[in-house]
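Overview (structure and organization)
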Amino acid sequence: CVDHFTDYNEDEKDLLAKMIAALKIDLQSIKVIDKNKSGVFQPEFTIYFQDEPVKNTKSKANIVTTFSPRYLLKNPEYKKNAWNDLQKAILFFNN
């Protein structure tokens, strides 16, 4: 789920595509949706890309919360944090 995905510009979409590619998972198995328009669905695993700083939340085995591409383009110093978060997703898909 991506905060305000429908409003993304090309640079933001490009970075999101790179972040998803880094997961090295079958692209047919994912769905990118706007967090504000997500509706009801039951995914096996969810990554929340947030436009605001990630608050400390209780970790769940099938949920990762990280910075959105929009936030990272404005605050590149958080890219390492986002990569660490995405590695949790990589571990999930490799098990």
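These lines cover the structure that appears in this document, whether it is placed above or below.

What counts and how
- Residues numbered from 1 in each chain as written.
- Predicted model: local features only at pLDDT ≥ 70, side-chain atom pairs only at ≥ 80, totals over all residues.
- Heavy atoms only, no water.
- Helix = DSSP H or I, 4+ residues; strand = E, 2+ residues; numbered from the N terminus.
- Buried < 20%, exposed > 50% of the residue type's maximum accessible area, 1.4 Å probe, protein only.
- Contact = heavy atoms within 4.5 Å.
- Core = buried A, V, L, I, M, F, W, Y, C linked by side-chain atoms within 4.5 Å.

1. Thoughts on the overall build of the protein
Looking only at helices and strands, the protein has 3 helices and 2 strands in total. For the protein, the succession of helices and strands along the chain, N to C, is α-β-β-α-α. When the 95 residues of the protein are sorted by exposure, 36% land in the buried category. Taking contacts inside the protein between residues at least 6 apart in sequence as the whole, the part at least 24 apart equals 52%.

2. Structural notes on the nonpolar core
Counting 19 residues, the largest nonpolar core has L16, M19, L23, I47, F49, L72 and L86 as its most contacted members. Elements supplying a minimum of two residues to this core: α1 (10-22), β1 (46-50), β2 (63-67), α2 (69-74) and α3 (79-94). Beyond its immediate sequence surroundings of up to four residues, I47 is in contact with C1, L23, V64, T66, L86 and A89.

3. Let's talk about the environment of Q87
Relative to the helices and strands, Q87 is located in helix α3. For the pair formed by Q87 and A22, sequence separation is 65 residues and the distance between their alpha carbons is 9.0 Å.

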